Amino acid sequence: MQWGLQNLPDAVVVRIFGLPDHSLGEMFEKAAERAMSLNNRKVLVDFSDVESIGPMGLTLCAYGLYHLQGLGIPVALIQPPASLLPILSMHGIKEFPVVFSHECDARAIN
């Protein structure tokens, strides 16, 4: 798996490539640090280049999203795998992240 962070004027975009693995934890931590250092900009997690995601990846994504939400950082998901949404419910996500099909749509959220 590879991932990258991109600073936009209004958001931190996290792009995930390939097959998500244990490095998702580090990715979410870096995204949180970046968003906090930039005054709680929203975080857009882009799954559009993810090939597939297994149970471990789904669980790590859920915990990472829960962590961002707990820090008060707005989160939106771009093309998340359908299997992620039920996992979010099981892991106590209070507010479901907004889901978009393209990055340009996601950048419009507050």
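Coordinates for the structure precede this section.
The notes below deal with the structure included here. Along each chain, the written sequence defines residue order, and numbers are assigned to residues from 1. The predicted origin of the model limits local features to residues at a pLDDT of at least 70 and limits the giving and counting of side-chain atom pairs to 80 or more, whereas totals for whole chains, interfaces and linings rest on all residues. As a rule here, side-chain values cover all heavy atoms of the structure and leave hydrogens and water aside.

A look at the overall build of the chain
Inference 1: Segments assigned H or I by DSSP are reported as helices when at least four residues long, segments assigned E as strands when at least two residues long, and all are numbered from the N terminus. The helix and strand inventory of the chain stands at four helices and five strands.
Inference 2: Both definitions apply: the radius of gyration is a C-alpha atom measure, and the globule rule equals 2.2 Å times residues to the power 0.38. Against the 2.2 N^0.38 benchmark of 13 Å for 110 residues, the chain shows a C-alpha radius of gyration of 12 Å, consistent with a compact globule.
Inference 3: For the C-alpha atoms alone, the extent of the chain along its principal axes is close to 35 × 25 × 25 Å.
Inference 4: Here, two residues are considered to be in contact whenever any of their heavy atoms come within 4.5 Å of each other. Taking the intrachain contacts of the chain between residues at least 6 apart in sequence as the baseline, contacts between residues at least 24 apart amount to 64%.
Inference 5: Entry remark: accessible area of the chain is about 5,600 Å², with carbon and sulfur atoms responsible for 54%.
Inference 6: Neither His nor the chain termini are counted; the positive set is Lys and Arg, and the negative set is Asp and Glu. A charge is said to be at NZ when it belongs to Lys, at CZ for Arg, at CG for Asp and at CD for Glu. Counting 7 positive and 11 negative side-chain charges, the chain places the averaged centre of each group 8 Å from the other. Computed by Shrake-Rupley with a 1.4 Å probe, the accessible areas treat only the displayed protein chains as cover when residues are assessed.

A word on helix H1 (residues 24-37)
Inference 1: The terminal C-alpha atoms of H1 lie 20 Å apart, and with 14 residues this matches the ideal 20 Å at 1.5 Å per residue to within 8%.
Inference 2: Along H1, the residues classified as buried are Leu-24, Met-27, Phe-28, Ala-31, Ala-32 and Ala-35. Along the axis of H1, the buried positions cluster into a sector of 135 degrees, meaning they face one direction only.
Inference 3: Those residues of H1 hidden inside the fold are in contact with strand S1 (2-7), strand S2 (11-18), strand S3 (42-50) and helix H2 (55-70).
Inference 4: In the segment just after H1, Asn-39 is the residue with positive phi, at about 60 degrees. Expected helix span is taken as 1.5 Å per residue step, with the number of steps being one fewer than the number of residues. Three labels apply to residues, based on accessible area from a 1.4 Å probe with only protein chains included: buried if under 20% of the type maximum, exposed if over 50%, partly exposed otherwise in between. Note that the arc is computed from the directions linking the helix axis to the C-beta atoms.

Examining the pairing of S3
Inference 1: Judged by how many residues are buried, S3 sits mostly within the fold: seven of nine residues are covered.
Inference 2: Alignment of S2 against S3, held across seven bridges, turns out to be parallel. Bridge pairing in S3 links Val-14 to Val-45.
Inference 3: Call a crossover right-handed when, viewed with both strands pointing away from you, the route from the first strand across the helix to the second goes clockwise. At this point the chain moves from S2, through H1, to the parallel S3, and the crossover so formed is right-handed.
Inference 4: Handedness of the crossover joining S3 and strand S4 (residues 75-78) through H2 is recorded here as right-handed. If DSSP finds at least two bridges between two strands, the strands pair.

Take it as geometry only, folks, not as evidence of what the structure does.
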